[in-house]
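Each chain, letter by letter, is given below.
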Amino acid sequence: MRKRLPYSQGKCIPDPDTADSVQDLMHRCVGAQDTDVGDEFASVYRDWITDSNNEILGLDRFAHTVFSQGTTESFDKFYSKHRFRNLKVLAGEYSYHSYATNCTPITSVDALNAKDFVIVSLPFADSGISYCYDELMQRCDTLGIPVMVDCCWFGSCAEMKFDFTYNCIEQVVFSMSKTFPVGRLRIGIRFSAEENDGLSAYARDNYLNYYSQHIALGLMEQFSADYMYNKYRIDQ
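Residues numbered from 1 in each chain as written. Predicted model: local features only at pLDDT ≥ 70, side-chain atom pairs only at ≥ 80, totals over all residues. Heavy atoms only, no water.

Before going further, it helps to spend a moment on the nonpolar core. Counting 58 residues, the largest nonpolar core has Val149, Phe164, Ile169 and Phe174 as its most contacted members. Here Val149 is in contact with Val120, Leu122, Tyr133, Phe164, Ile169, Gln171, Val172 and Val173, once residues within four sequence places are set aside. One finds Phe78, Leu87, Phe117 and Met148 within the second-largest nonpolar core, a separate group that totals eleven residues. (Core = buried A, V, L, I, M, F, W, Y, C linked by side-chain atoms within 4.5 Å. Buried < 20%, exposed > 50% of the residue type's maximum accessible area, 1.4 Å probe, protein only. Contact = heavy atoms within 4.5 Å.)

This is the structure:
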């Protein structure tokens, strides 16, 4: 029996139409892989998110948008930025945080203190709902705790409220690997209020994976953020 790899359980629905599209785009985009589409990628991705059937609040607070190798690359930058704080996550959160850091899983927001920083998934990684989100954000606002919101499961949900208006939120990240079969292509985006780290430098100096961005642009043109939910919600 094949051993399951760490943090490998979250995958997209094996949809034949998106799979065929990815294969086609991979061939077509080879010749364009050195063409700078960074600004177009950021603009189209933002619109793709806000045009969904979900309620998106406050994303316009984050003016700086940069390509990220999935959400994981942004996690690593956030760990580094707040390396002198303690990472706390809700119990059941994405297991990568436990492999990459000495984070502390918590079951109550009362376990937070002003020396912490927080990463929370929305929808929540363990349940697919908005688990303790507002309660957690209110507590972080009160204590001045910096937060990253991980929206990697966006694209597989609908009619959810994504409230990014809380002052504690520093960064919001999205990924396509839970919507489309592009896990190995590492397609994600980070929204932030500041522009002051390695991802920002990559974008400034055009040191980016344009091949994956071209594929993402093709997918967003063909499929809305609600495509998977609308097609499979009855079967689920």
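There is more to say after this.
So, on to the pattern of salt bridges. Per the stated rule, a full pass over the model turns up eight salt bridges. With a closest N to O distance of 2.6 Å, Asp15 and Lys231 form a salt bridge. Placement of Asp15 in the segment before α1 (16–28) and of Lys231 in helix α8 (residues 227–232) is noted, with a sequence separation of 216 residues between them. Two residues, Glu194 and Lys81, come together in a salt bridge whose shortest N-O distance is 3.5 Å. Here the residue Glu194 occupies a position in the loop between β9 (188–192) and α6 (198–204), and Lys81 occupies one in helix α3 (residues 72–81), the gap between them amounting to 113 residues. Residue Lys81 is classed as partly exposed on the basis of its relative accessible area, which comes to 33%. (Salt bridge = Lys/Arg side-chain N within 4 Å of Asp/Glu carboxyl O. Helix = DSSP H or I, 4+ residues; strand = E, 2+ residues; numbered from the N terminus.)

The two faces of a sheet get side chains in turn, since along a regular strand they alternate between them. In terms of burial, strand β5 (residues 116–121) is largely enclosed, as six of its six residues are buried. Of the two faces of β5, the one carrying Asp116, Val118 and Val120 and the one carrying Phe117, Ile119 and Ser121 are both buried. Bridge analysis of strand β3 (residues 86–90) against β5 gives three bridges, and the strand direction is parallel. The partner of Asn86 across the bridge, within β5, is Asp116. Pairing of β5 with strand β6 (residues 147–151), which is carried by four bridges, proceeds in the parallel orientation. Looking at β6, one finds that Ser121 is bridged to Asp150. (Pairing = 2+ DSSP bridges.)

If you trace the backbone, Met26 turns up in helix α1. Among the residues examined, Met26 registers a relative accessible area of 28% and is labelled partly exposed. Separated by 185 residues in the primary sequence, Met26 and Tyr211 place their C-alpha atoms 8.2 Å from one another. With residues up to four places along the chain from it excluded, the contact list for Met26 reads Leu185, Tyr211 and Ile215.

What follows covers the pairing of β6. The element β6 is extensively covered by neighbouring structure, given that five of its five residues are classed as buried. Burial along β6 is two-sided: Val147, Val149 and Cys151 and Met148 and Asp150, pointing in opposite directions, are all buried. Note that β6 and strand β8 (residues 169–175) share five bridges and pair parallel. What sits directly across from Val147, in β8, is Ile169.

Position of Ser175 among the secondary structure elements: in strand β8. Take Ser175: its relative accessible area is 5%, and that puts it in the buried class. Within the structure, the side chain of Ser175 is placed 3.2 Å from the side chain of Ser177, a separation counted as a polar contact. With residues up to four places along the chain from it excluded, the contact list for Ser175 reads Tyr45, Gly70, Thr71, Cys151, Cys152, Phe154, Ile187 and Gly188. (Polar contact = N/O pair within 3.5 Å; in protein donor to acceptor, adjacent residues only side chain to side chain.)

Here the focus is helix α5 (residues 133–143). Considered for burial, the residues of α5 that qualify are Tyr133, Leu136, Met137 and Cys140. Buried residues of α5 fall within an arc of 95° about the axis and therefore sit on the same side. Those residues of α5 hidden inside the fold are in contact with β3, β5, β6, β7 (161–163) and β8. Directly beyond the C-terminal end of α5, a positive phi value near 70° is found at Gly144. (Arc of directions from axis to C-beta.)

This next bit is on the packing of aromatic side chains. A complete count under the given rule lists 20 aromatic pairs for this structure. With a centroid separation of 6.1 Å and 70° between ring planes, the pair formed by Trp48 and Phe154 is classed as edge-to-face. Residue Trp48 is found in helix α2 (residues 38–50), and its partner Phe154 is found in the loop between β6 and β7; the two are separated by 106 residues along the sequence. An aromatic cluster is defined as three or more aromatic residues linked by ring pairs; in this entry it consists of Phe41, Tyr45, Trp48, Phe67, Phe154, Phe162, Phe164, Phe174, Phe180, Phe191, Phe223 and Tyr227. Across the ring face of Trp153, the terminal group of Lys178 is positioned such that the distance to the ring centre comes to 5.6 Å. (Phe/Tyr/Trp six-rings, centres within 6.5 Å; stacked < 30°, edge-to-face > 60°. Lys NZ or Arg CZ within 6 Å of the ring centre and 35° of its normal.)

Note that every value here comes from positions in space, so none of it alone points to a role or purpose.
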